[in-house]
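Residue-level structure breakdown
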Amino acid sequence: MFRIEDALDVILGHTPTLDEEEVRLALAVGRILRRNCVSDLDLPPFDRARMDGYALRAVDTETAVLERPVRLRAVGEASAGCAFDGQVKAGEAVRIMTGAPVPPGADAVEKIEVVRVLDEGLIELESPLKPGQFITPRGVEAREGDVVIKSGERVTPPVAAALASFGCARLRVSRKPRLTLLSTGTELVEVEERPGPSQIRNSNTYSLAGYAEAAGAEVVSAGIVRDDFGATREAIAEALSSSDVVMLSGGVSMGDYDLVKPALGDLGAEILVEKVAMHPGKPTVFAKLGEKIVFGLPGNPVSVAVSFHLFARPALLKMQGASGVFLPRMRVYASRPVKGAPPRRSHQPAQLVIRDGRAEAEPLKWSGSSDLVAFMRADCLIVVPEDRQGLNEGELVEVISLRD
Ligand code: AMP
Ligand code: MG
């Protein structure tokens, strides 16, 4: 039986990195960058006004007080996209709009709300300005030539905005892992059907497809495979022929009808992991055939989710060249006692809550690893170390966030 870390080492060590492809920025959100992004200009490209108001020389306002305001002459206008053509000289100010370049000579902006605008092109200010006020200086956000986004980072919506600002219209990203899902189980029927006695609906396909897509995969759901050696072997062989990753649920425990491992063996796949010291999710299988990888995840709906997040998600991200492949972990207080499962490391589905101003993990009331109704509400897993019978109420515990 593998420790979780050892299983991960084996899995990531055998997970290949996929080729790159080029995509347009508009289609790049969610993809993993395979090149550093270098800024092709200073950002902002000019000293930029942060407020609507007047651009002026701070030194001209040094003596301004309520009783003796400073009076300046408004000599022109700068708006976003239209610079003021000239220099701001002593005693002068330029009407300026947010986003406009601050004209040469000016070194501060006063917002329109506190400027008294008089007739005949004069304005009055009743307090002094500090140099730099309401100006975003050229280059403070990025300098031309800076590496602003590194290879291995995921393109999130704000990263896409940054890439747009640096002129990255086309990007080198990882090809998406092609993943085929197979749900094993003679007891399974599809969602449209009403299960007969001793049947249940196939639910794992839907959680796994969503999780895998969120991790960047292109998913084909190939449906249900009944617990028959030939059918299982055929389905895996066909899935392997068209995908980088085959992901099965069920059929990996010790029952007479758990046929995933025998079928993989018969196809010549090397089974590298088959049991992990964890709860739930012990019968997690990882196998390799050529450059293709196979996950045989446990059938229970909660086990499948835990096993996916601990093993398959990091592998899918590694395939894409991602620099961070693990879910965030943090320490929060347990709001109730949590049972352990020594000698296995246990993962208790829980919800993060703020109670009396402190972050707590509230273990979900669940009836076990088939309880997908309770698991629906989980946004984290409380980790109970393998050597602990349980965790105490109020104890600072480690949780794995299920929200990436
Ligand atoms: P297995 O690992 O095949 O022994 O399955 C363990 C438990 O998970 C059994 O109760 C199965 O009925 C259930 N199960 C297996 N596959 C699925 C699925 N795709 N959707 C929902 N439950 C499943
Ligand atoms: Mg089964």
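Read on for a plain summary of the structure. Computed from a predicted structure; not experimentally measured.

Cut-offs used in this document
- Sequence order sets the numbering: in each chain, residues are counted from 1 along the sequence as written.
- To label them, take the chains in the order written and letter them from A, then take the ligands in the order written and number them from 1.
- Predicted model: local features are reported for residues with pLDDT of at least 70 only, side-chain atom pairs are reported and counted for 80 or more only, and whole-chain, interface and lining totals are derived from all residues.
- Excluding hydrogens and water, the side-chain figures rest on all heavy atoms present in the structure.
- The numbering of helices and of strands both runs from the N terminus, where a helix is a DSSP run of H or I of at least 4 residues and a strand a run of E of at least 2.
- In this setup the radius of gyration rests on C-alpha atoms only. A globule is expected at 2.2 Å times the number of residues raised to 0.38.
- Each residue's exposure class comes from its accessible area (1.4 Å probe, protein chains only) as a fraction of the maximum for that residue type: buried when under 20%, exposed when over 50%, partly exposed otherwise.
- In what follows, a contact means two residues having at least one pair of non-hydrogen atoms within 4.5 Å.
- Only the protein chains shown count as cover for residues, with accessible areas throughout obtained via the Shrake-Rupley method and a probe of 1.4 Å.
- Residues counted as positive are Lys and Arg, residues counted as negative are Asp and Glu, and His and the chain ends are not counted.
- For charged residues, the charge sits on one atom: NZ in Lys, CZ in Arg, CG in Asp, CD in Glu.
- Any two strands are treated as partners once DSSP identifies two or more bridges connecting them.
- Whenever a helix is involved, its axis is fitted only over the stretch in contact; in every case the axis is a line through C-alpha atoms, and angles between N-to-C directions fall within 0 to 180 degrees.
- Comment: arc refers to directions from the helix axis out to C-beta atoms.
- Note on aromatic contacts: the rings of Phe and Tyr and the six-membered ring of Trp form a pair at centre separations within 6.5 Å, being stacked when their planes are under 30 degrees apart, edge-to-face when over 60 apart, and tilted otherwise.
- By definition here, charges over rings are those cases where NZ of Lys or CZ of Arg is within 6 Å of the ring centre and within 35 degrees of the ring normal.

Let's shift gears to the overall build of the protein chain. Of regular secondary structure, the protein chain possesses seven helices and 28 strands. Over its C-alpha atoms the protein chain spans a radius of gyration of 30 Å, topping by over 25% the 22 Å that the globule rule assigns to 404 residues. Its C-alpha atoms put the protein chain at 95 × 50 × 40 Å along the principal axes. Among the 404 residues that make up the protein chain, the fraction classed as buried is 48%. Taking all contacts inside the protein chain whose residues are at least 6 apart in sequence as the whole, residues at least 24 apart take part in 71%. For the protein chain, the accessible area works out to roughly 19,400 Å², and carbon and sulfur atoms hold 50% of it. For the protein chain, the distance from the average position of its 48 positive side-chain charges to the average position of its 56 negative side-chain charges is 2 Å.

This brings us to the pairing of strand E25 (residues 358–363). Bridge count between strand E22 (residues 329–334) and E25: two bridges; the pairing is parallel. Directly across from Tyr333, in E25, lies its bridge partner Glu360. When strand E24 (residues 345–355) meets E25, the two strands line up antiparallel, connected through six bridges. Note on E25: the bridge partner recorded for Gln351 is Glu362. The loop that links E24 with its antiparallel partner E25 comprises two residues; one of these, Asp356, has a positive phi angle of about 50°.

Take the sheet that holds strand E17 (residues 245–249) next. An order of E16-E13-E17-E21-E20-E18 is seen for the six strands of this open sheet, with the pairing classed as mixed. Here the strands that pair on one side only, and so sit at the sheet edges, are strand E16 (218–225) and strand E18 (270–273). Averaged over all pairs of adjacent strands, the angle between their axes in this sheet comes to 20°, without regard to strand direction. Relative to strand E21 (residues 292–297), E17 runs parallel, the two sharing five bridges. Within E21, the position partnered with Ser249 by the bridge is Leu297. Packed onto the sheet, helix H3 (residues 204–214) meets strand E13 (178–184), E16, E17 and E21 and runs at close to 160° relative to E13.

Another aspect to go through is H3. For H3, the set of buried residues is Asn204, Thr205, Leu208, Ala209 and Ala212. In a view along the axis of H3, the buried residues occupy a sector of 120°, so they form one face of it. Buried positions along H3 lie against E13, E16, E17, E21 and helix H6 (301–319). Phi for Gly216, located one or two positions after H3, is positive at around 100°.

Here we come to the pairing of strand E28 (residues 396–401). Where E22 meets E28, five bridges bridge the pair, whose relative direction is antiparallel. From the neighbouring strand, Val332 faces E28, where its bridge partner is Val397. Pairing analysis gives four bridges linking strand E26 (residues 380–384) to E28, with the strands arranged antiparallel. The residue of E28 that forms the bridge with Val383 is Glu398.

Turning our eyes to something else, we now look at the packing of aromatic side chains. Tallied over the full model, the rule gives two aromatic pairs. Considering the side-chain rings of Phe286 and Phe295, the 5.2 Å spacing of their centres and the 55° angle between planes classify their relative orientation as tilted. Among the residues examined, Phe295 registers a relative accessible area of 0% and is labelled buried. The aromatic ring of Tyr54 is capped on one face by Arg95, whose charged end is 5.7 Å from the ring centroid.

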